[in-house]
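Chain and residue survey
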Amino acid sequence: MKVWGAHGEFCARHQWEVIVATLALLACAASVERHGTGTRAERCAGWARACPGLEAEYQAADAVIMTFVRCAALLYAYYQVSNLQKIASKYLLIIAGVFSTFASFIFTSALASLFWSELASIKDAPFLFLLVADVARGARMAKAGWSAGEDQGKRVGKALSLLGPTATLDTLLAVLLVGVGGLSGVPRLEHMCTFACLALLVDYLVFVTFYPACLSLVADFASGRKEMGTDGPFSETDLKPNPVVQRVKMIMAAGLLCVHLTSRWPWTRENGMIEGSLTNDFKSGSHENVLFHSYVKWFSVSADYIVIATLLCALIIKFIFFEEQKNWIIDMNDLTVKEVVKRNTKPKFSVGEDIKSDMHTQTDDLLNCEETEWPLLSPSSSAARLNTKKRPMAECLEIYRSEGVCTSLSDEEVVMLVEQSHIPLHRLENVLNDPLRGVRLRRRVISSRFQTEAGIKQLPYLNYDYSKVLNACCENVIGYVGIPVGYAGPLVVDGKAYMIPMATTEGALVASTNRGAKAIGTRGVTSVVEDVGMTRAPAVKLPNVVRAHECRQWLDNKDNYALIKEAFDSTSRFARLQEVHVGVDGATLYLRFRATTGDAMGMNMVSKGAENALKLLKNFFPDMEVISLSGNYCSDKKAASINWVKGRGKRVVCETTISAENLKNIFKTDAKTMTRCNKIKNLSGSALAGSIGGNNAHAANMVTAIFIATGQDPAQNVTSSNCSTNMEVCGENRDDLYITCTMPSLEVGTVGGGTVLTGQGACLQILGVKGAGVRPAENSARLASLICATVLAGELSLMAALVNSDLVKSHMRHNRSTANVANVANDMTLKVPKL
């Protein structure tokens, strides 16, 4: 395996050398001219010699039989090409199937010209090659070579290490099997079988040398193009051979080898019976290029070739224009494999017409499923396993315990093991090695166990990448909830326009924020961001207040703090301790670690660093007891003055000025009215209510909508929504409005957590802040400034609506459904509102 892997990696990394060397050998073989005066009878002797009279023996009956064979070869080739669509995409089909087959045939023809004096007599050579060439092998190699993961050379080497031994055994077996035809005594059949053996050997050599080099070269040229992607991830199990089949092949190869040894090389021979065939070939012939004339004779027009050409054209037209692309899916209701076909639907909405409420279900309105026996695209599921008879519990349990996974068990058998508590329900994805199948079976168990079939069926679960959810975002997954995403903007922040994605179910929120962005206009919002850092505050207890005071003084020492910082920073490449603020309650200390965490929100980083720092601290204070890693002095997901005063995450301040004209035309109000309302509502009203960080109109609305859209932790809107909105009149005529929003504790990140999910990552990409920035905290800081600017736009719009009594009107227009709820519940219909 290692030798094959090293060979494949060498061919992939030295692409041009391998390709040029192979093409040079091809040119040399194709241009060889043979000289000599040997008679035709002399050239007939020996292995694979063209015998006189072959063309004369090719009578009408032979023509009919050979035409039938040629048609069968074309149909077999078409069958292979059709099956290739299930292995890889059409692009891989073109380069892997057509290219490798054509290259192998050309190389075979060039090499055969060295050994045949009349190569043109093999009219059926192209069709014979279609029967012996393994096109699927090249497609599997191509699919593996373009899989994600390692670099190109290692990928090709890894694929060849898995396919190489199998290809070697298959080639050996095929050569021995086809070579039996050379023992028949029929000259033409011997001639064709000899060419087939040579074709198999050449195809094998092309596959292990020339083809990996070309595959790597094409992949390098096409890197970055989406159409080069494969239809699915590469798995080593797709390439590993069946051990039983391999054993049978080896036994057959050994037997056939014995047949060849006893038939071709007798135990006793007279001296001089074996003559050098190559010497005879080079001594015979005339001054001509055999290969060129062979191609001309192969494709000469005759009645049987007209039939072949007609069939070939028909198959090509059928494959290109009439071959259906099919998708396969498992239906959860009856556990059968069904074909997904898009239905041509008519418009669903018309004025005064009722439609069925099952438009919200996952399958009925979108899929037209037909039962079939075809296996699923997923390697872990198939129609045979779905519909097979359920095996006994003991046998299923033995299979599970021996394999450690349940990929070979049917759905019924897996559910049986779950019901008997042999498989934990929360580990289905890992046990099945298939996240989607795990979610589907969990839905089935839950709906049956708690009689919630109707509700579970309405919860969507298809077309979602659960591999990104597993061990990262959620557990016990049974589906997902779709939330509408709207945009507000363009909102100009620090001189650049943004479209702000907002995920919400509150009507009028996006429209209101959009109105605020319109009022801000091209003047835009100016922002200032400070990376305060994430906090974690463990609670530790000392034996008495004296020891607690000593511990606090020890931490205040700069040298001791340096030791704590070193221990903290060693746990992460990005977490850097900034401060340890100590809170005291008797003999209990609350150590509030504050650290910057790059572009991550950073709760896990700070917790890990704080834990390591406590281990160091305990070496100096062995009588210290760690009560809790979090002592609520952080403070996380709770309204707390310490976050309002000292900050947490990012501290952002935004400002802008709204002209009197925009106030009048867009908000239908003026600056004095807005500032008066802000003072009475946001300042005095919040103070009277004892609000902490609530000196704003509705900052939590915009914060939460953007948090959900961009994969932030929605529960952290409690702290992140701390905002102080301030308004003043300004301008020469004192009729413009100056507004600021100060948010001291925005907890955001652009890496980790929910940001890895596809939809949330897309929203971050819309904002241009996906992933880590060039500088630490660059993208997370930009996201924080955009959130604060959006809050400012929302604050403007709502305050204007309040002073104009437009709030109720807008919510009645945008946040009130006109659907007849009673009818939806009773007869499952939905009334369309009048336009």
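Residues numbered from 1 in each chain as written. Predicted model: local features only at pLDDT ≥ 70, side-chain atom pairs only at ≥ 80, totals over all residues. Heavy atoms only, no water.

Quick look at the overall build of the chain
Each helix and strand counted, the chain has 33 helices and 15 strands in total. Counting only contacts in the chain whose residues sit at least 6 apart along the sequence, the fraction spanning at least 24 positions is 74%. Surface exposure of the chain reaches about 42,300 Å², of which carbon and sulfur atoms provide 59%. (Helix = DSSP H or I, 4+ residues; strand = E, 2+ residues; numbered from the N terminus. Contact = heavy atoms within 4.5 Å. Areas by Shrake-Rupley, 256 points an atom, 1.4 Å probe, with all protein chains shown as cover.)

A few points about the pairing of strand β14 (residues 736-746)
On a regular strand, one side chain projects to one face of the sheet and the next to the other, so that they alternate. In terms of burial, β14 is largely enclosed, as nine of its 11 residues are buried. Here strand β12 (residues 649-658) runs beside β14; their pairing, made up of eight bridges, is antiparallel. Looking at β14, one finds that E655 is bridged to T740. Where strand β13 (residues 724-730) meets β14, seven bridges bridge the pair, whose relative direction is antiparallel. Across the sheet, residue V729 finds its bridge partner in β14, namely L737. Between the antiparallel neighbours β13 and β14 lie five residues, among them G731 with a positive phi of about 95°. (Buried < 20%, exposed > 50% of the residue type's maximum accessible area, 1.4 Å probe, protein only. Pairing = 2+ DSSP bridges.)

Examining the environment of N604
If you trace the backbone, N604 turns up in helix α24 (residues 603-620). Under the relative-accessibility criterion, N604 is labelled exposed at 68%. As for N604 and R536, which are separated by 68 residues in sequence, their C-alpha atoms are 9.4 Å apart.

Some thoughts on the packing of helix α28 (residues 699-710) against helix α30 (residues 758-767)
One can describe the packing of α28 onto α30 by two numbers: an axis separation of 6 Å at closest approach and a directional angle of 115°. Between α28 and α30, the crossing angle belongs to the class labelled roughly perpendicular. Taken together, the residues of α30 that come into contact with α28 (itself represented by I708, A709 and T710) are G759, Q760, C763, L764 and L767. Looking at the contact of α28 with α30 residue by residue, the classes come out as five nonpolar, three polar and no charged. (Axes fitted to C-alpha atoms, helices over the stretch in contact; angles between N-to-C directions. Parallel < 35°, antiparallel > 145°, perpendicular 65-115°, else oblique. Nonpolar A, V, L, I, M, F, W, Y, C, P; charged D, E, K, R; others polar.)

Brief notes about the packing of aromatic side chains
For the structure shown, the criterion picks out six aromatic pairs. Taken together, a centroid distance of 6.0 Å and an interplanar angle of 85° make the contact between W554 and F621 edge-to-face. With W554 in helix α22 (residues 545-556) and F621 in the loop between α24 and β11 (625-628), the pair connects residues that are 67 residues apart, well separated along the chain. By relative accessible area, F621 is classed as buried at 5%. For the ring pair F568 and F593, a centre distance of 5.9 Å and an interplane angle of 15° mean the geometry is stacked. Remark: F593 occurs in strand β10 (residues 588-596) and F568 occurs in helix α23 (residues 558-569); sequence separation between them is 25 residues. The buried category is assigned to F568, whose relative accessible area is 0%. Given the relative accessible area of 2%, F593 is considered buried. By the ring-pair criterion, three or more aromatic residues cluster together here, those being Y464, Y466 and Y480. (Phe/Tyr/Trp six-rings, centres within 6.5 Å; stacked < 30°, edge-to-face > 60°.)

Looking at helix α16 (residues 393-403)
Among the residues of α16, C396, L397, I399 and Y400 are the ones counted as buried. For α16, the buried positions fall inside an angular range of 160° around the axis, keeping them on one side. Turned more than 90 degrees off the buried face of α16, the exposed positions are A394, E398, R401 and S402. Considering only its buried residues, α16 is in contact with α17 (411-419) and α18 (428-432). Backbone geometry just after α16 places G404 at a positive phi near 80°. (Arc of directions from axis to C-beta.)

Thoughts on the pattern of salt bridges
According to the stated counting rule, one finds 18 salt bridges in the structure shown. In this structure, the salt-bridge partner of D411 is R437, at a minimum N-O distance of 2.7 Å. With D411 in helix α17 and R437 in helix α19 (residues 435-449), this pair connects stretches of sequence that are 26 residues apart. Each member of the pair, D411 together with R437, is buried. When the shortest N-O distance is used, the salt bridge between E530 and R651 registers 2.9 Å. Of the two residues, E530 is situated in strand β7 (residues 526-536) and R651 in strand β12; the sequence distance between them amounts to 121 residues. R651 sits in the partly exposed class, given a relative accessible area of 22%. Three or more residues are tied together by salt bridges with common partners; here these are D411, R437 and R440. (Salt bridge = Lys/Arg side-chain N within 4 Å of Asp/Glu carboxyl O.)

Notes on the nonpolar core
Core analysis: the biggest nonpolar cluster contains 53 residues, and M502, I787, V791 and L796 have the highest contact counts within it. Setting aside residues no more than four positions away along its own chain, V791 makes contact with A699, M702, V703, C723, C741 and M743. If you look at the next biggest cluster of nonpolar residues, it comprises 27 residues, including A575, M603, A610 and L617. (Core = buried A, V, L, I, M, F, W, Y, C linked by side-chain atoms within 4.5 Å.)

Structural notes on the confidence of the model for the chain
Regions with low pLDDT carry predicted coordinates that are not meant to be interpreted in detail. Residues with a pLDDT of 70 or more make up 58% of the chain, whose mean pLDDT is 75. The low-confidence segment residues 224-235, where pLDDT is below 50, has 19 contacts with residues more than four positions distant or belonging to other chains. For residues 820-835, every residue scores under 50 in pLDDT, and the model assigns this stretch 22 contacts once sequence neighbours within four places are set aside. (pLDDT = per-residue confidence, 0-100.)

Thoughts on a nonpolar patch on the surface
A surface patch of nonpolar side chains, amounting to about 310 Å² of accessible area, comprises Y487, M499 and I766. For M499, a relative accessible area of 34% puts it in the partly exposed group. (Patch = residues over 30% accessible without salt bridge, like charges linked within 9 Å, V, L, I, M, F, W, Y side chains within 5 Å.)

Focus on the side chain of K650
Along the chain, K650 turns up in strand β12. A polar contact is formed between the side chain of K650 and the side chain of S780, at a distance of 3.4 Å. (Polar contact = N/O pair within 3.5 Å; in protein donor to acceptor, adjacent residues only side chain to side chain.)

Observations concerning unusual backbone geometry
Following G489, the chain continues into P490 via a peptide bond in cis, with omega recorded as 5°. Residue S635 is bonded to the preceding C634 through a cis peptide linkage, with omega at -5°. By secondary structure assignment, the location of S635 is in the loop between β11 and α25 (641-646). In the Ramachandran plot, N476 falls in the positive-phi region, its phi being about 50° despite a non-glycine side chain.

Some points on helix α27 (residues 671-688)
Between the first and last C-alpha of α27 there are 24 Å, a value that for 18 residues agrees with the 26 Å anticipated at 1.5 Å per step. Of all bends in α27, the biggest is about 25°, found at N678. All buried positions along α27 are accounted for by A671, M674, T675, C677, N678, N682 and S686. Its side-chain oxygen 3.2 Å from the backbone nitrogen of K672, D670 forms the N-cap of α27. In the stretch just after α27, G690 is the one whose phi turns positive, near 70°. (Expected span 1.5 Å × (residues − 1). Bend = angle between axes of the 7 residues up to and from the residue.)

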